[in-house]
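# Architecture and fold: a report
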Amino acid sequence: MSASALPESTAAVSMGNGSEDGSEGSYRVVSKAAVLSLAIGLVSVVGLVSVGMLAVPVVGLAFGLLALRAISLYPDEVSGKVPAWMGVTLSGLLLVSGAGLHTYTYLTELPEGYERYSFQELQPDKEFPELPIPPSALEMNGRKIFIKGYVHPGVQGAGPVDRFVLVPDMGTCCFGGQPKLTDMIDVQLINGHSLSYSMRKRSLKGVLTVDPRIVAPDGSQGACYRLVAELVR
């Protein structure tokens, strides 16, 4: 079979005469999927450490398995078994360890006396479309909650701050324009806590106030929610 007839995932990234053991007379292409699997496996280390992206090693594992299948089907035309196995092993280990770390964090991160909530529970209820705030959120008024989110870039460059807007994801503010009122929590840090803007996910614990008349840090009509909080991490 010629190199041009091989699947796209096995297209050559380098070509040459000779087999992997140095013998003459064979002509094989290096599986692009094998190289990608190894590269993604290495990148997934950074992904898990910085943003906890379990999807990264999943992609690396898929590319590695795809490469190994192609090499098995076309052993005389395709090479790259070593990087493919390295990518599969590295991605698999990181996927398992990452999942374990996330599970452990979830089970141990909730501070005593606080309830875990997410932005999803703050959104309007489809059964009550006329209400800007769902009844379930109104019931959260005054509760001690634990919630995660991202700092709105409105304080970027301001240095350490103790007041900012928390949003559910970076796309909400960075790529989706102005966040909805129910996608913002006006946060006031207390007990000497402060933070500088970054794109990392933040965990906060504090007392939630639910009120559509809350005023934002710039004096304008702001979010429906306010959190007097301490920074967990």
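Everything that follows concerns the structure shown earlier in this document.
The present account deals with the structure reproduced in this document. (Residues numbered from 1 in each chain as written. Predicted model: local features only at pLDDT ≥ 70, side-chain atom pairs only at ≥ 80, totals over all residues. Heavy atoms only, no water.)

### Considering the overall build of the protein chain
Counting its secondary structure elements, the protein chain contains 5 helices and 9 strands. Ordered by position from the N terminus, the helices and strands of the protein chain form the series β-β-α-α-β-α-β-α-β-β-α-β-β-β. Put simply, 63% of the contacts in the protein chain that link residues at least 6 apart link residues at least 24 apart. On the protein chain, roughly 12800 Å² of surface is accessible, and the fraction owed to carbon and sulfur atoms is 60%. (Helix = DSSP H or I, 4+ residues; strand = E, 2+ residues; numbered from the N terminus. Contact = heavy atoms within 4.5 Å. Areas by Shrake-Rupley, 256 points an atom, 1.4 Å probe, with all protein chains shown as cover.)

### A few points about the side chain of S37
As for its placement among the helices and strands, S37 is situated in helix α1 (residues 32–50). Reaching out from S37, the side chain makes a polar contact with the backbone nitrogen of G64 at a distance of 3.3 Å. Other than its neighbours up to four places away in sequence, S37 contacts G60, F63, G64, A84, G87, V88 and S91. (Polar contact = N/O pair within 3.5 Å; in protein donor to acceptor, adjacent residues only side chain to side chain.)

### Examining the packing of aromatic side chains
Two aromatic rings are characterised by how far apart their centres lie and by the angle between their planes. Scanning all chains against the criterion turns up 0 aromatic pairs. Above the face of the Y106 ring, R116 is positioned so that its terminal group lies 3.8 Å from the ring centre. Directly above the ring of Y114 sits K144, whose terminal nitrogen or CZ lies 4.8 Å from the centroid. (Phe/Tyr/Trp six-rings, centres within 6.5 Å; stacked < 30°, edge-to-face > 60°. Lys NZ or Arg CZ within 6 Å of the ring centre and 35° of its normal.)

### Examining the nonpolar core
Core analysis: the largest hydrophobic core is formed by 31 residues, its most contacted members being F164, I185, V187, L204, Y225 and L227. Of all elements in the fold, only β5 (144–151), β6 (163–167), β7 (185–189), β8 (202–210) and β9 (225–231) reach the threshold of two or more residues within this core. (Core = buried A, V, L, I, M, F, W, Y, C linked by side-chain atoms within 4.5 Å. Buried < 20%, exposed > 50% of the residue type's maximum accessible area, 1.4 Å probe, protein only.)

### What to know about helix α3 (residues 81–108)
Across its 28 residues, α3 extends 40 Å between first and last C-alpha, which sits within 8% of the 40 Å expected from 1.5 Å per residue. The complete set of buried residues in α3 reads A84, G87, V88, S91, L94 and G98. (Expected span 1.5 Å × (residues − 1).)

### Observations regarding the environment of Q120
As for its placement among the helices and strands, Q120 is situated in the loop between β4 (115–116) and α4 (135–138). Taking the relative accessible area as the measure of exposure, Q120 reaches 69% and is therefore exposed. Put simply, Q120 and T182 are 62 residues apart on the chain and 9.2 Å apart in space, counted from C-alpha to C-alpha.

### A word on the pairing of β8
By the bridge criterion, 6 bridges tie β5 to β8 in an arrangement that is antiparallel. In the strand pairing of β8, I145 is matched with G206. The pairing of β8 with β9 spans 7 bridges and is classified as antiparallel. Looking at β9, one finds that V207 is bridged to V228. (Pairing = 2+ DSSP bridges.)

### Concerning the pattern of salt bridges
Scanning the entire structure with this criterion turns up 5 salt bridges. Note that E115 and R143 form a salt bridge whose closest N and O atoms lie 3.6 Å from each other. One end of the pair, E115, is in strand β4; the other, R143, is in the loop between α4 and β5, with 28 residues separating them in the sequence. A relative accessible area of 35% means that E115 is categorised as partly exposed. Note that D186 and R163 form a salt bridge whose closest N and O atoms lie 2.5 Å from each other. Here D186, found in strand β7, pairs with R163, found in strand β6; they are 23 residues apart in sequence, far enough to count as distant. Residue R163 is classed as partly exposed on the basis of its relative accessible area of 25%. (Salt bridge = Lys/Arg side-chain N within 4 Å of Asp/Glu carboxyl O.)

### Some words on the environment of M184
Mapped onto the fold, M184 is located in the loop between α5 (170–174) and β7. In sequence terms M184 and L122 are 62 residues apart; their C-alpha atoms lie 9.5 Å from each other.

### Describing the pairing of β7
Judged by how many residues are buried, β7 sits mostly within the fold: 5 of 5 residues are covered. Where burial is concerned, the two faces of β7 agree: the one with I185, V187 and L189 and the one with D186 and Q188 are both buried. Bridging between β6 and β7 involves 4 bridges; their strand directions are antiparallel. Along β7, the bridge assignment pairs R163 with Q188. Judged from the 5 bridges that link them, β7 and β9 form a sheet pairing that is parallel. By the bridge assignment for β9, I185 is matched with Y225.

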